[in-house]
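# Residue-level structure breakdown
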Amino acid sequence: MPKMKTKSGAKKRFKVTATGKIKTAQAGKRHGMIKRTNKFIRNARGTTILSEADAKIVKKYMPYAR
């Protein structure tokens, strides 16, 4: 059986924490900041943890991530 391939887009966008959760950048920060509130921009700094339903999909893309 050949090795499974990791999706290239997933390995660039997601990291797996030590507890197995999926960490990703906050969404909605690429463009259009002028129409966003300051509160939104402040709260969207840094990273976030994906929901369990989304994390399940991403884990399929990264079979060897621990």
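Cut-offs applied
- Residues numbered from 1 in each chain as written.
- Predicted model: local features only at pLDDT ≥ 70, side-chain atom pairs only at ≥ 80, totals over all residues.
- Heavy atoms only, no water.
- Helix = DSSP H or I, 4+ residues; strand = E, 2+ residues; numbered from the N terminus.
- Rg over C-alpha atoms; globule rule 2.2 N^0.38 Å.
- Buried < 20%, exposed > 50% of the residue type's maximum accessible area, 1.4 Å probe, protein only.
- Contact = heavy atoms within 4.5 Å.
- Areas by Shrake-Rupley, 256 points an atom, 1.4 Å probe, with all protein chains shown as cover.
- 1 Å grid on protein atoms, 1.4 Å probe; cavity = no way out; pocket = protein on both sides within 12 Å on 5 of 7 lines; lining within 4 Å.
- Points joined across faces, edges and corners; volume = space filled by probe spheres on them.
- Nonpolar A, V, L, I, M, F, W, Y, C, P; charged D, E, K, R; others polar.
- Pairing = 2+ DSSP bridges.
- Axes fitted to C-alpha atoms, helices over the stretch in contact; angles between N-to-C directions.

## Describing the overall build of the chain
For the chain, the helix and strand inventory stands at 3 helices and 3 strands. Going from N to C terminus, the chain has its helices and strands arranged as α-β-β-α-β-α. Relative to the globule expectation of 11 Å for 66 residues, the C-alpha radius of gyration of the chain, 15 Å, shows a markedly less compact shape. Counting only C-alpha atoms and orienting by the principal axes, one finds that the chain spans roughly 50 × 25 × 15 Å. Counting across all 66 residues of the chain, residues that qualify as buried make up 17%. Relative to all contacts within the chain whose residues are 6 or more apart in sequence, the contacts with residues 24 or more apart total 54%. Of the roughly 5900 Å² that the chain leaves accessible, carbon and sulfur atoms contribute 55%.

## So, the layout of surface pockets
Within this model, the largest pocket holds a volume of roughly 240 Å³. Arg-13, Phe-14, Thr-24, Ala-25, Gln-26, Ala-27, Gly-28, Lys-29 and Arg-30 are the residues that line the largest pocket. Partitioning the lining of the largest pocket into residue classes produces 3 nonpolar, 3 polar and 3 charged.

## Points about the sheet that holds strand β1 (residues 14-16)
Read from one edge of the open sheet, 3 strands run β1-β2-β3, paired in antiparallel fashion. Both edges of this open sheet fall to β1 and β3 (47-49), since each of them pairs with a single strand only. Between one strand axis and the next, the sheet turns through 30 degrees on average, direction left out of account. Bridging between strand β2 (residues 22-25) and β3 involves 3 bridges; their strand directions are antiparallel. In the sheet register, Lys-23 faces β3, and the bridge partner there is Ile-49.

## Brief notes about the pairing of β2
Residues Ile-22 and Thr-24 point to one face of β2 and are all buried, whereas Lys-23 and Ala-25, pointing to the other face, are not buried. Two elements, β1 and β2, share 3 bridges in a ladder whose sense is antiparallel. Across the sheet, Val-16 pairs through a bridge with Ile-22, a residue of β2. Once β1 ends, the chain turns through 5 residues before running back antiparallel as β2, passing Gly-20 with a positive phi of about 95 degrees.

## Examining the side chain of Thr-24
Position of Thr-24 relative to the elements: it lies in strand β2. For Thr-24, a relative accessible area of 12% corresponds to the buried category. Once you skip the residues sitting within four places of it in the chain, Thr-24 turns out to touch Arg-13, Phe-14, Thr-47, Thr-48 and Leu-50.

By themselves, these figures tell us nothing about what the structure is for.
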